[in-house]
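Spelled out, the chains give:
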Amino acid sequence: MTLSEAETDALAELFNVGLHRAAASLSEVTGQRIIVDMPKLVICEISEIEQRLAELVGGEIATVHQIFGGSVAGDAVLLIEHEKAAALARLMTDGDAATGGRLDQSAREVLTEIGNIVLGACLSGFGDMLQLPVSFSVPRIHIESLRTILGSLLIASNEPQYAVVVATQFRLSELAVDGYLVIAVGARSLARISEALRNRVP
Amino acid sequence: MTSGERAGDPALRSEAMAEIGNLLGLGVLSVDKTLIVTGWNEWLERATGKPRAIVLGRSLREVEPTLRPAAVAAFDRAIQGSVVVMSQALHEYLLEAPAPGGFEHLGRMRQSVRILPLRNEASQSLGATAFIEDVTERVAREADLRAAAEAAQRADEAKSKFFTSMSHELRTPIGAIAGYADLLASGMFGTVTETQTERLARIKTVASHLQHIVDDVLAFARIGAGREEAALTDGDAITLAREALIAVEPLAVKKGLAVRSRLPADRMPIRTDQVKVRQILINLLGNAIKFTERGSIELEVSLVDEGRTVAFSVLDTGPGISQANLTGIFDPFTRVPNHDRPKPGTGLGLAVSRGLARLLGGDISVTSEVGVGSRFTARIPR
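Residues numbered from 1 in each chain as written. Chains lettered and ligands numbered in written order. Predicted model: local features only at pLDDT ≥ 70, side-chain atom pairs only at ≥ 80, totals over all residues.

Some words on the pairing of strand E3 (residues 60-70) of chain A
Note on strand geometry: in a regular strand, side chains alternate between the two faces of the sheet. Residue and element names in this part refer to chain A. Selection rule: Here a strand pair is declared whenever DSSP counts at least two bridges between the two strands. Secondary structure elements follow DSSP: runs of H or I no shorter than four residues count as helices, runs of E no shorter than two count as strands, and numbering proceeds from the N terminus.
Pairing between E3 and strand E6 (residues 140-145): six bridges, direction antiparallel. From the neighbouring strand, histidine 65 faces E6, where its bridge partner is arginine 140. Examined bridge by bridge, E3 and strand E4 (residues 74-81) share eight bridges and lie antiparallel to one another. Looking at E4, one finds that isoleucine 61 is bridged to glutamate 81. Between E3 and the antiparallel strand that follows it, E4, lie three residues. The pairing of E3 with strand E5 (residues 134-136) spans three bridges and is antiparallel. Along E5, the bridge assignment pairs phenylalanine 68 with phenylalanine 136.

Here it is, written out as structure tokens:
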């Protein structure tokens, strides 16, 4: 199961719109100008995801995880390297959180809010543009290694699992933060997304 | 109404969530799609001082006239189906309430909030429920920790600045003392008697000792301030070991100690800061000589960690160090107390050596046995 080039481009555009919405929301919440880069998108089998992500992120990682359900269902995870996550939380709170590079409770809460906004904005495109509305669980933050995080996504299932990896960059003040969204879905959900995209692709 | 329908009744669901909130110590506020309050638990009654009897059935805007636009927008998003997180650090609070006892100085209660959509069985929106956690105590604790960390950092910076400027102020006159002693001894200012020559030699020895102490203090201040940098070049571990032995040999000979070495015959290439490694070795060998009254000192060089690291071990036949005294031996200004006679020094040599070894990606360890001797090992990556 894979998406055609045109479908992949359309999905990247959908995430691009979502990320810009997220940037606008974050700018409003923090009172700082936040911009995002055009995302790069890769679709792979879930078994390949560790190798793909290991080329991009390493060490301890802060992740915000939400389960989503509805017409399509799966796991949505935002990953940011620990150090960058702390810098992001510190800048967004004018230094009130993550002092000394530690992700204290306040910093974790801020990152949970950021993750919730980003994941919500990106996946709301499924409902708005593809007519595949989804609902979310309460977001949870984890600070772990990539392997542990991905291990929690590799659930035994009787259908093949796929991952959509969206790489982007958030920029505010002097800081550029690489963020990675992983949308893990089963073959049935990916087929529904593919069909909805085909209906939209001219 | 059947029991199944009753279980799905939004009012009953609000009631159940309110009770769970009371048990968990959370505020639970439910509103319908038009922001009319449908749930207000006891926790909220206590926190805001507003009894549920006068709150239920009224608009949230009316109940909370100071409700901020961001809060209204958050409820709107939840009513439309989104889960909303409002972190304390970005929003401070959802509902205005006084800070709890003991934290009155903070004014308002700080809150962490999750707002969830409220839907019926057919997934139609009925409103939203906010779960409010009082995080005032945690925020106060974090602020205290932040203030303490900032104060500690300021103190550390001040200490480093003090050390650096004081050491510079000391170096210049020490240099002048040694220089003038040399000039006097050379006979430039007139004939010097044998007694005067001997006294001038003492002045030079003391000045040199003082210079050594100031150098230790300066190095320690630079490492502490993160200003010490490693200049990596290609070299040979065996050459470094030989150079260090040559530098300390006269001291050992003066004390009647044998100097031994166990060095591999072949070159042992190492890419590191050669000057700093030499300084570490001279410090460790100098210490061994200082604390050993009879017997020998030995320098052993080998490869460990599958050839990735060079281990330089300095062994002595000194008095040894007890387990109790080994703890904190690398801490600055630490001196081993049980020697017969106090030895000169600042107690900074080992702290500086360990700081330099760590700067190069390595470390120093020690094993010792009272009455037998000690072994200090510097492991430096190649």
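Some points on the confidence of the model for chain B
Residue and element names in this part refer to chain B. As a reminder, the rule being used: Confidence scores per residue from the predictor, reported as pLDDT, run from 0 to 100. Any two residues are considered in contact once their C-beta atoms, placed from the backbone, lie within 7 Å.
Residues of chain B with pLDDT of at least 70 account for 94%, and the chain-wide mean is 87. With pLDDT under 50 throughout, residues 1-5 is counted as low confidence; its partners more than four residues away or in other chains account for one contact. Predicted as a complex, the structure gets a pTM of 0.65 and an ipTM equal to 0.87.

Overview of the sheet that holds strand E2 (residues 37-40) of chain B
Residue and element names in this part refer to chain B. Short version of the rule: For every element, the axis is a line fit to its C-alpha atoms; helices are fit only across the contacting stretch, and the angle between N-to-C directions ranges from 0 to 180 degrees.
The antiparallel open sheet is built from five strands, whose spatial order is E2-E1-E5-E4-E3. The open sheet has two edge strands, E2 and strand E3 (84-86), and neither has a second partner. Across the sheet, the mean angle from the axis of one strand to that of its neighbour is 15 degrees, orientation sign disregarded. In the sheet, strand E1 (residues 27-32) pairs with E2 via three bridges, with the strands oriented antiparallel. Along E2, the bridge assignment pairs valine 31 with valine 37. Packed on one face of the sheet, helix H6 (residues 69-79) meets E1, E3, strand E4 (111-119) and strand E5 (125-134) and runs near 35 degrees to E4.

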